[in-house]
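# Understanding the architecture of this molecule
Below, each chain spelled out in residue letters.
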Amino acid sequence: MDWIRLTKSGKDLTGLKGRLIEVTEEELKKHNKKDDCWICIRGFVYNVSPYMEYHPGGEDELMRAAGSDGTDLFDQVHRWVNYESMLKECLVGRMAMKPAFPKDYHEEKKVLNGMLPQSQVTDTLAKEGPSSPSYDWFQTDSLVTIVIYTKQKDINLDSVIVDHRDDSFRAETVIKDYSYLVHVALSHEIQEDFSGLFYRKCQLVSKEDVTHDTKLFCLMLPPSTHLEVPVGQHVYLRLPITGTEIVKPYTPVCDSLFSEFKEPVLPNNIYIYFLIKIYPAGFFTPELDQLQIGDYVSVSNPEGNFIISQLQELEDLFLLAAGTGFTPMVKVLNYALTNIPSLRKVKLMFFNKTEDDIIWRSQLEKLAFKDKRFEVEFVLSAPTSEWSGKQGYISPALLSEFLKRRSDTSKVLICLCGPTPFTEQGMKMLHDLNFSKDEIHSFTA
Ligand code: FAD
Ligand code: NAD
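Overview of the structure. (Residues numbered from 1 in each chain as written. Chains lettered and ligands numbered in written order. Predicted model: local features only at pLDDT ≥ 70, side-chain atom pairs only at ≥ 80, totals over all residues. Heavy atoms only, no water.)

## Structural notes on the overall build of the protein
This is how the line gets drawn: Where helices and strands are cited, they refer to DSSP runs of H or I of at least four residues and of E of at least two residues respectively, numbered from the N terminus. Each residue gets one of three labels from its accessible area relative to the maximum for its type: buried under 20%, exposed over 50%, partly exposed in between, using a 1.4 Å probe on protein chains only. Throughout, a contact is declared for two residues whenever any of their heavy atoms are within 4.5 Å. Method for areas: the Shrake-Rupley scheme with a 1.4 Å probe, in which residue coverage is limited to the protein chains shown.
Helix and strand counts for the protein stand at 13 helices and 24 strands. Burial analysis of the protein (445 residues in total) assigns 45% to the buried set. Considering only contacts in the protein between residues 6 or more positions apart, those separated by 24 or more positions represent 67%. Here the protein has roughly 24,400 Å² of accessible surface; of this, 52% comes from carbon and sulfur atoms.

Written out as structure tokens, the structure is:
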């Protein structure tokens, strides 16, 4: 932050009063002292002396590239750092004579057509677009890995469209209003089909009753898979039913409401849990219920448009869930209680037909007892005569009583999930109650 403040202060950090110059190799070599240190990265020369004391790796690390081309060193240590933006105010100019790419850089990149190296894009696209991704690739005998550096947060799987046909590979990355294409001509045909979602076979390791019709399924990922479904996203489960592969979406949950929330992509996260309601007359769930421990079901990559940053700096979180629409709320609730320091209140209004249908009722009540920030209210649409709690479907009266804003300025998010009529009616009621679009997230397919 101190560095950013300095760069925004208007101080002349290059000593050139904003002028950009062409730098020869000889000139670059002269600037090799701490108080006069120029470094070249990808053909651009920066005066890094003002940055010395802010460099997290220390001054000596930075001095290793003093007066020379630091591209390789930079790539070895932290190629993901957005140096162009960090060192913008330190830009001295371009190298005059020799391009600063590694010798074989152009040779290599020629193979991957369709996109210019980052330095060539900077002048044109970057000025117009949000940030032009660059890419890299690595190859072994059996695998080509293409890495696209988007420099964007919140890139979802649905931001990337990958197609493969015969000997051509095409990856399109959608960032805001722009789409960037890497189009590669392969020297041989490859077998994998990239055109749909990627599935891996997972083994059913346990199945526990949660209510009379809902079960907690635990699937084990294959040993080579590394997958953690982000908060608020779902996957597709795929099973062969009467000779056809059938897929349906399901939202992974934690194994219980009290499980410690784990950061995504932990290497030992090999289990994935689902709360699934079995519909006796349904197409997919009776087949799923037929699976024996040790049987396999295919699990896709995650999808969904919930963005975790919606939870940042949140003060009040309201969750409106109906039936299995509770499933996306599990990780949202867990994440918010564990990771959002600003959070003051989380309230869940949970709509079900009867008391017997309430998923994890005692866990929810225990959590409300244990964590004073959390409150839960059950609303039943077909209760028995003994039920003394709230009744009916979602309604403006229920919502206006439940959704009490702390103040006009408090940051609020309302999450909504359930049968389609529930979600549609709920959305309309929330708009009528003057909640803005940014304050509402509905989980849909
Ligand atoms: P279906 O064959 O779709 O039938 C469902 C019910 O509708 C049955 O009672 C059936 O008898 C009735 N029905 C079907 N057709 C008709 C008809 N023409 N007229 C009248 N009634 C009919 N579910 C979960 O349990 N857990 C989750 O975590 C979960 N996550 C989801 C995430 C997303 C993004 C979405 C969109 C849905 C999610 N679902 C979840 C729902 C899930 O995808 C399936 O829709 C559900 O499991 C039903 O599948 P099915 O094939 O067994 O039932
Ligand atoms: P359900 O039939 O048991 O109903 C639960 C409650 O939903 C009812 O008590 C009622 O309050 C409300 N409801 C039902 N029908 C309504 C209507 N016509 N108008 C207003 N309110 C109504 O629910 P279920 O069988 O558990 O179904 C859950 C639904 O949630 C499924 O449709 C499933 O696809 C959906 N779901 C969606 C996601 C997602 O991320 N999009 C995730 C999980 C579940």
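## Structural notes on the site of ligand 2
Filter applied, for reference: Definition of nearness: a residue and a molecule or strand are near each other if at least one heavy atom of the residue lies within 4 Å of the molecule or strand. Nitrogen and oxygen atoms within 3.5 Å of one another constitute a polar contact, given that in protein one can donate a hydrogen and the other can accept it, and given that sequence-neighbouring residues count only through two side-chain atoms. In the scheme used here, Gly and all other residues not listed as nonpolar or charged are polar, with Ala, Val, Leu, Ile, Met, Phe, Trp, Tyr, Cys and Pro taken as nonpolar and Asp, Glu, Lys and Arg as charged.
If you check the shell around ligand 2, you find 21 residues, and the closest are K277, Y279, T324, N352 and S381. At 2.6 Å from an oxygen atom of ligand 2 is found a side-chain nitrogen or oxygen belonging to Y279. Take N352: an N or O atom from its main chain is 3.0 Å from an oxygen atom of ligand 2. Relative to its free-state accessible area of 870 Å², ligand 2 is covered by the protein chains to the extent of 77%. For the shell around ligand 2, the secondary-structure elements that each account for two or more residues are strand 20 (345–352) and helix 13 (420–432). For the shell around ligand 2, a count of residues per class yields nine nonpolar, ten polar and two charged.

## Focus: the side chain of E439
Mapping E439 onto the fold places it in the loop between helix 13 and strand 24 (440–442). The class of E439 is buried, set by a relative accessible area of 14%. The contact partners of E439, leaving out residues within four places of it in the chain, are R405, V412, L413 and I414.

## Considerations on the pairing of strand 21 (residues 374–380)
Selection rule: Any two strands with at least two DSSP-identified bridges between them are counted as paired.
Both strand 20 and strand 21 contribute to a ladder of seven bridges, which runs parallel. Across the sheet, V346 pairs through a bridge with F374, a residue of strand 21. Relative to strand 22 (residues 390–391), strand 21 is paired through two bridges, and the arrangement is parallel. The residue of strand 22 that forms the bridge with L380 is Q391.

## A few points about the side chain of H441
On the secondary structure map, H441 appears in strand 24. Given a relative accessible area of 7%, H441 falls into the buried group. Contacts of H441, omitting those with residues within four sequence positions, involve N305, F306, Q310, L413, I414, C415 and L416.

## Some remarks on the nonpolar core
Spelled out, the test is: In this text, buried Ala, Val, Leu, Ile, Met, Phe, Trp, Tyr and Cys residues form a nonpolar core when linked through side-chain atoms within 4.5 Å.
Residues L311, L317, L319, F326, F350 and W360 are the most contacted members of the largest nonpolar core, which totals 41 residues. Elements supplying a minimum of two residues to this core: strand 13 (214–220), strand 17 (271–277), strand 19 (316–322), helix 10 (327–339), strand 20, helix 11 (361–370), strand 21 and strand 23 (412–417). For this core, the element with the highest residue contribution is helix 10, accounting for seven residues. Non-local contacts of L311, meaning those with residues more than four positions away in its chain, are made with F306, L317, V332, Y335, I340 and L413. Core analysis: the second largest hydrophobic core is formed by 22 residues, L219, F274, L288 and V299 among them.

## Observations regarding helix 13
This is how it is decided: For a helix, the expected span equals 1.5 Å multiplied by the residue count minus one. Note that the arc is computed from the directions linking the helix axis to the C-beta atoms.
The terminal C-alpha atoms of helix 13 lie 18 Å apart, and with 13 residues this matches the ideal 18 Å at 1.5 Å per residue to within 8%. Those residues of helix 13 not exposed but buried are F422, T423, G426, M429 and L430. Down the axis of helix 13, the buried side of the element spans an arc of 130°, and every buried residue falls inside it. Across helix 13 from its buried face, at more than 90 degrees, point the exposed residues T420, E424, K428 and D432. In this fold, the buried residues of helix 13 make contact with strand 19, strand 20, helix 12 (396–402), strand 23 and strand 24. Once helix 13 ends, the next one or two residues include N434, with phi positive near 70°.

## Looking at the environment of P419
When you line up the elements, P419 lands in the loop between strand 23 and helix 13. For P419, a relative accessible area of 47% corresponds to the partly exposed category. Sequence separation between P419 and G325 is 94 residues; the distance between their C-alpha atoms is 7.3 Å.

## Focus on the site of ligand 1
What surrounds ligand 1 is a group of 18 residues, the closest being K248, P249, Y250, F284 and T285. At a separation of 2.9 Å, an oxygen atom of ligand 1 approaches a polar backbone atom of K277. A total of 970 Å² of accessible area belongs to ligand 1 in isolation, and the protein chains cover 59% of it. When contributions to the shell around ligand 1 are tallied by element, the ones reaching two or more residues are strand 15 (244–250) and strand 17. Class assignment of the residues belonging to the shell around ligand 1 gives a composition of nine nonpolar, seven polar and two charged.

## Examining the pairing of strand 15
Where strand 14 (residues 235–241) meets strand 15, seven bridges bridge the pair, whose relative direction is antiparallel. Pairing of L237 across the sheet is with K248, part of strand 15.

## Details of the sheet that holds strand 16 (residues 252–253)
What the seven strands build is an open sheet, ordered 15-14-18-12-13-17-16; its pairing is antiparallel. Edge strands, defined here as strands with exactly one partner in the open sheet, are strand 15 and strand 16. Direction of pairing for strand 12 (residues 199–209) relative to strand 18 (residues 296–300): antiparallel, over a ladder of five bridges. Of the residues in strand 18, the one forming a bridge with R200 is V299.

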